[in-house]
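The primary structure of each chain is shown beneath.
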Amino acid sequence: MGLDILLAMNQMACDESAEELKPAGLLVVDAQLVPQVTYPRTVKIPLPGSPRKNAGREQMANIVALGALSRLIPVTPRAGE
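No experiment lies behind these values; they were computed from the predicted model shown.

Calculation criteria
Residues numbered from 1 in each chain as written. Predicted model: local features only at pLDDT ≥ 70, side-chain atom pairs only at ≥ 80, totals over all residues. Heavy atoms only, no water. Core = buried A, V, L, I, M, F, W, Y, C linked by side-chain atoms within 4.5 Å. Buried < 20%, exposed > 50% of the residue type's maximum accessible area, 1.4 Å probe, protein only. Helix = DSSP H or I, 4+ residues; strand = E, 2+ residues; numbered from the N terminus. Contact = heavy atoms within 4.5 Å. Salt bridge = Lys/Arg side-chain N within 4 Å of Asp/Glu carboxyl O. Pairing = 2+ DSSP bridges. Right-handed = clockwise from strand over helix to strand, strands pointing away.

Chemist: With reference to specific residues and values, describe the nonpolar core.
Modeler: M9, L26, V28, I45, L47, A61, A65, A68 and L69 form the largest nonpolar core, which has nine residues in total. Residue assignment for this core shows that the elements contributing at least two residues are β2 (21-30) and α3 (58-72). Ranked by the residues each element gives to this core, the list is headed by α3, at four residues. Ignoring sequence-local partners within four residues, the contact set of V28 consists of L6, L7, A8, V43, I45, L69 and L72. Counting residues in hydrophobic clusters, the runner-up holds eight residues, among them L6, L21, L27 and V29.

What follows is the structure, encoded as structure tokens:
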């Protein structure tokens, strides 16, 4: 079947999972931690290092990435729309 969307937060995740994407799938990567991408439909998000450093928690980077995904792929209408 394959994936429609893949968010890769590091190079290993990208390398291991990008082949699972459908031909029209979208690969979204952390631009700082995934420098090598060969998939044609890729969006590089420059996730700031500050969530990881300031909060000291990897979960904060995940929340920032989720927010970026919500802008790329609107699933539900935003408030006021």
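From this point, the narrative continues.
Chemist: Which residues make up the pattern of salt bridges, and what values do they have?
Modeler: For side chains bearing opposite charge, pairing can occur when the charged atoms are close. Tallied over the entire structure, the rule returns one salt bridge. As a salt-bridge pair, D4 and K22 come within 3.0 Å of each other at their nearest N and O atoms. Residue D4 is found in strand β1 (residues 3-8), and its partner K22 is found in strand β2; the two are separated by 18 residues along the sequence. Judged by its relative accessible area of 30%, K22 is partly exposed.

Chemist: Residue-level account of the pairing of β2, with values.
Modeler: With respect to burial, β2 is a largely interior element, seven of its ten residues being buried. As paired strands, β1 and β2 are joined by five bridges and run parallel to one another. Considered in β2, the bridge of L3 is made with L21. This β-α-β element, β1 to helix α1 (residues 11-17) to β2, shows right-handed connectivity.

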